[in-house]
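Here is what each chain is made of, one letter per residue.
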Amino acid sequence: LVVSPIVDSVACGSQYKTVHFSRRSTAQDSMMSGYVGKPSAMDFNATGMLLATGGGEDVTVWNFQGTGPEGTEPVFLEYHEQPITTLAFACSGTNLASGSRDGEVAVWAFKNEKEGTGIGVSQVADAISQLYWRPDDRALAAFDSNGGVTVWSI
């Protein structure tokens with residue numbers, strides 16, 4: 001479950017390989033489907049306009065601008081070979097970090113809300129359990145399932 005920081009949306013993954021989101025102001029419920037597994041990793045960016053979700057090896061990013069994401073096509077970020085375990089948008093801006101079950105960490109940049117580009121990758125020993133950005137977005141920390149911590153300057 002993730003709550004948008006500004007827009008009035010709440011999103012959560014379901015056992016049916018879908019992401020449901022509700023708009024708190026209208027109680028409108030929508031569903032996004034097409035995932036290969038249960039979407040359990042998700043995060044909104046700081047403006048609440050982008051929602052990154054992981055329900056397989058790809059990161060799927062939905063745009064909440066205008067009337068979206070209903071009726072729009074998401075952005076697919078493809079790099080990981082194992083399922084996504086965690087996602088974290090930078091504290092400001094639109095950089096996104098993704099971690100996977102095999103210990104891969106990728107960082108993506110969004111120049112606009114319609115396309116993302118890979119800007120860096122790294123590998124740690126175990127599955128990534130959490131990713132955290134430093135408040136000024138100049139460093140990224142990865143926590144792995146074996147208790148290890150790795151920090152990169154960005």
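Residues numbered from 1 in each chain as written. Predicted model: local features only at pLDDT ≥ 70, side-chain atom pairs only at ≥ 80, totals over all residues. Heavy atoms only, no water.

**Describing the sheet that holds strand β11 (residues 104-112)**
- What the 4 strands build is an open sheet, ordered β9-β10-β11-β12; its pairing is antiparallel. The sheet terminates laterally at β9 (84-89) and β12 (115-123), the two strands that pair on one side only. The sheet shows a mean angle of 20 degrees between the axes of neighbouring strands, direction not considered.
- Two elements, β11 and β12, share 8 bridges in a ladder whose sense is antiparallel. Of the residues in β12, the one forming a bridge with Val107 is Gly120. (Pairing = 2+ DSSP bridges. Helix = DSSP H or I, 4+ residues; strand = E, 2+ residues; numbered from the N terminus. Axes fitted to C-alpha atoms, helices over the stretch in contact; angles between N-to-C directions.)

**Points about the environment of Thr47**
- Turning to its location among the elements, Thr47 is positioned in the loop between β5 (41-44) and β6 (50-54).
- For the pair Thr47 and Thr94, spaced 47 residues apart in sequence, the C-alpha separation works out to 9.0 Å.
- If sequence neighbours within four positions are ignored, Thr47 has contacts with Ile6 and Val7.
- For Thr47, the side chain forms a polar contact with the main-chain nitrogen of Met49, separated by 3.3 Å. (Contact = heavy atoms within 4.5 Å. Polar contact = N/O pair within 3.5 Å; in protein donor to acceptor, adjacent residues only side chain to side chain.)

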